[in-house]
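Summary of the model geometry
Letter by letter, the chains look like this.
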Protein chains: 2
Amino acid sequence: MKQVLVDMDGVLADVYAQFIRLEKEKTGTILSPESLIGKKEAHAFPHYETHVTSSGFFRTAPIIPGSVKGLEYLNNKYDVLIVSSATEFPDSLKEKLDWLNEHYPFISWQQMIFCGKKDSIKGDIMIDDHPKNLDAFPGRRIIFTQPHNAQVENPSYERVSTWEEICTIL
Amino acid sequence: MKQVLVDMDGVLADVYAQFIRLEKEKTGTILSPESLIGKKEAHAFPHYETHVTSSGFFRTAPIIPGSVKGLEYLNNKYDVLIVSSATEFPDSLKEKLDWLNEHYPFISWQQMIFCGKKDSIKGDIMIDDHPKNLDAFPGRRIIFTQPHNAQVENPSYERVSTWEEICTIL
């Protein structure tokens with residue numbers, strides 16, 4: 001059975017919606033998704049650091065639409081591992097685990113990996129929004145569209161923008 | 001540069017000393033290391049579950065003697081990744097990260113992996129006290145002696161009992 005590495009932020013967790021909500025709360029400004037295109041998250045959101053290090057940021061993030069049904073489909077067909085960059089933000093670890101348990105209860109603790117970088121995780125297929133993770137991965141690379149990667153073109157990627165598309169190609 | 005996967009519990013963290021201390025606090029009984037030989041930790045310690053799920057268990061564990069100097073030596077010579085089974089116990093995640101930062105400040109967050117099982121982590125050399133982790137590893141297998149594995153004989157393992165021995169063979 002093939003092993004699929006599934007990213008959290010930007011693939012399961014709608015961190016852009018979370019950032020936009022928090023920026024609005026903090027400054028009153030509503031950032032349009034279009035204004036964020038091509039910018040790294042740390043540059044796109046003026047208070048990025050404040051948000052990601054604030055209690056509850058990861059725990060209360062909304063899910064990407066379709067991801068529950070989509071991930072359950074993958075989980076029945078492949079060996080699924082959730083692989084998330086998390087050790088940079090120590091408080092995110094438990095928040096991410098609790099969040100996974102709440103929204104995707106069919107994913108067991110044995111299927112979770114929280115790391116600093118992903119280039120030492122084995123798999124056949126990677127679904128991620130960050131080119132740096134995909135570029136270091138020797139298997140099949142699926143890029144999930146987010147504003148920061150929308151302009152990236154790489155013939156080694158398969159691009160998807162929804163979980164329905166993931167389920168169509170996998 | 002070769003990549004070395006270093007386990008935490010039983011290799012860096014002296015969890016046996018921690019279990020023995022907590023059993024004594026709880027019951028007054030001092031368990032001798034000899035009485036623990038050949039038993040899995042969950043069977044060797046009557047209140048295993050209580051201990052590992054209690055706040056501070058991993059955060060306050062003593063270090064294995066020689067591990068600071070030894071790990072620093074490895075870190076200067078190899079690509080070191082700390083790979084720890086942690087997602088079974090959600091509260092252990094941050095405790096383990098804080099513990100690593102306190103005792104081994106030369107290890108960065110990029111070098112930490114907290115997972116459920118270790119069979120998807122790439123490396124050339126694994127140092128672990130659990131045969132189940134070593135058996136799934138295709139590289140060089142170094143078993144760190146702890147009471148539960150003291151009677152295990154496997155010609156594919158190199159056995160060490162101290163960090164000084166690790167530094168001699170690596």
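Structure's up top.
Just so it is clear, the structure is predicted and the values come from calculations on it, not from any experiment.

Looking at the overall build of chain A
- Across its full length, chain A carries 7 helices and 6 strands.
- Reading the secondary structure of chain A in the N-to-C direction produces β-α-α-α-α-β-α-β-β-α-β-β-α.
- Dimensions of chain A, computed from the C-alpha atoms along their principal axes, are close to 50 × 35 × 30 Å.
- Here chain A, with 170 residues, has 51% of them falling under the buried criterion.
- Long-range contacts, defined here as pairs at least 24 residues apart, represent 65% of the contacts in chain A between residues at least 6 apart.
- About 7600 Å² of surface is accessible on chain A, with carbon and sulfur atoms providing 52% of the total.
- If the 18 positive side-chain charges of chain A are averaged to one point and the 24 negative ones to another, these points end up 2 Å apart.

Observations concerning the environment of A150(B)
Residues and elements named next belong to chain B.
- Tracing the chain through its elements places A150 in the loop between strand 5 (140-144) and strand 6 (157-160).
- Note: C-alpha distance between A150 and G38 (112 residues apart in sequence) is 6.4 Å.
- Apart from the residues lying within four places of it in its own chain, the contact partners of A150 are I37 and R159.

Concerning the interface of chain A and chain B
- In this complex, chain A contributes 22 residues to the contact, which on the side of chain B involves 22 residues.
- Regarding the contact of chain A and chain B, the summed buried area is about 2200 Å², with carbon and sulfur atoms giving 65% of it.
- For the chain A face of the interface with chain B, the top three residues by lost area are W109(A), S120(A) and K122(A), together amounting to 27%.
- Put simply, chain A and chain B have 2 salt bridges between them.
- Looking at the side of chain A that touches chain B, the elements that each hand over two or more residues are helix 5 (92-103) and strand 3 (112-115) of chain A.
- The element best represented in the side of chain A that touches chain B is strand 3 of chain A, accounting for 4 residues.
- Across the side of chain A that touches chain B, the residue classes break down as 11 nonpolar, 5 polar and 6 charged.

Quick look at the side chain of H148(B)
All names here are of chain B.
- Along the chain, H148 falls in the loop between strand 5 and strand 6.
- A polar side-chain atom of H148 sits 2.8 Å from a polar atom in the side chain of D129.
- When neighbours within four sequence positions are excluded, H148 is seen to be in contact with Y16, L36, G38, K39, K40, E41, D129, H130 and P131.

What about the sheet that holds strand 5 of chain B?
- Read from one edge to the other, the open sheet built from 12 strands follows the order 6(A)-5(A)-4(A)-1(A)-2(A)-3(A)-3(B)-2(B)-1(B)-4(B)-5(B)-6(B), with strand pairing classed as mixed. The open sheet has two free edges, formed respectively by strand 6 (157-160) of chain A together with strand 6 of chain B, since each of these has just one partner strand. If you compare each strand with its neighbour and ignore which way they point, the axes differ by 20 degrees on average.
- Note: strand 4 (residues 125-128) of chain A against strand 5 (residues 140-144) of chain A, 4 bridges, orientation parallel. Its bridge partner being in strand 5 of chain A, I127(A) is matched across the sheet by I142(A).
- Docked against the sheet, helix 4 (residues 67-77) of chain B engages strand 1 (3-6), strand 2 (79-85) and strand 4 (125-128) of chain B, running at close to 130 degrees with respect to strand 2 of chain B.

Regarding the relation of the copies chain A and chain B
- With an axial shift of 0.0 Å and an RMSD of 0.0 Å, the rotation relating chain A to chain B amounts to 180 degrees. Taken together, the rotation and translation relating the two chain copies correspond to the operation of a two-fold axis.

A look at the nonpolar core
- Within the largest apolar cluster, 88 residues are counted, with the highest numbers of intra-cluster contacts made by V6(A) and V6(B).
- Discounting chain neighbours no more than four positions away, the residues touching V6(B) are V11(B), L12(B), L71(B), L74(B), V80(B), L81(B), I82(B), V83(B), I127(B) and W163(B).
- The next biggest cluster of nonpolar side chains, apart from the first, holds 22 residues, and it includes I121(A), M126(A), I121(B) and L134(B).

Digging into the pattern of salt bridges
- Enumeration according to the criterion identifies 18 salt bridges over all chains in this entry.
- The residue K94(A) makes a salt bridge to D91(B) at a minimum N-O spacing of 3.9 Å. Residue K94(A) is located in helix 5, and its partner D91(B) is located in the loop between strand 2 and helix 5 (92-103); the two belong to separate chains.
- Between R140(A) and E158(A) there is a salt bridge whose closest N-O contact spans 2.6 Å. With R140(A) in strand 5 and E158(A) in strand 6, this residue pair connects regions lying 18 residues apart in the sequence.

Describing helix 1 (residues 15-27) of chain A
Residues and elements named next belong to chain A.
- Between its first and last C-alpha, helix 1 extends 18 Å over 13 residues, near the 18 Å set by a 1.5 Å rise per residue.
- As for helix 1, its buried residues are in contact with helix 2 (41-44) and helix 3 (48-52).
- The positive-phi residue at the C-terminal boundary of helix 1 is G28, with phi of around 85 degrees.

Definitions and limits used
- Residues numbered from 1 in each chain as written.
- Chains lettered and ligands numbered in written order.
- Predicted model: local features only at pLDDT ≥ 70, side-chain atom pairs only at ≥ 80, totals over all residues.
- Heavy atoms only, no water.
- Helix = DSSP H or I, 4+ residues; strand = E, 2+ residues; numbered from the N terminus.
- Buried < 20%, exposed > 50% of the residue type's maximum accessible area, 1.4 Å probe, protein only.
- Contact = heavy atoms within 4.5 Å.
- Areas by Shrake-Rupley, 256 points an atom, 1.4 Å probe, with all protein chains shown as cover.
- Lys, Arg positive; Asp, Glu negative; His and termini not counted.
- Charge placed at Lys NZ, Arg CZ, Asp CG, Glu CD.
- Buried area = accessible area lost by both parts, 1.4 Å probe.
- Salt bridge = Lys/Arg side-chain N within 4 Å of Asp/Glu carboxyl O.
- Nonpolar A, V, L, I, M, F, W, Y, C, P; charged D, E, K, R; others polar.
- Polar contact = N/O pair within 3.5 Å; in protein donor to acceptor, adjacent residues only side chain to side chain.
- Pairing = 2+ DSSP bridges.
- Axes fitted to C-alpha atoms, helices over the stretch in contact; angles between N-to-C directions.
- Least-squares fit on C-alpha atoms with pLDDT ≥ 70 in both.
- Core = buried A, V, L, I, M, F, W, Y, C linked by side-chain atoms within 4.5 Å.
- Expected span 1.5 Å × (residues − 1).

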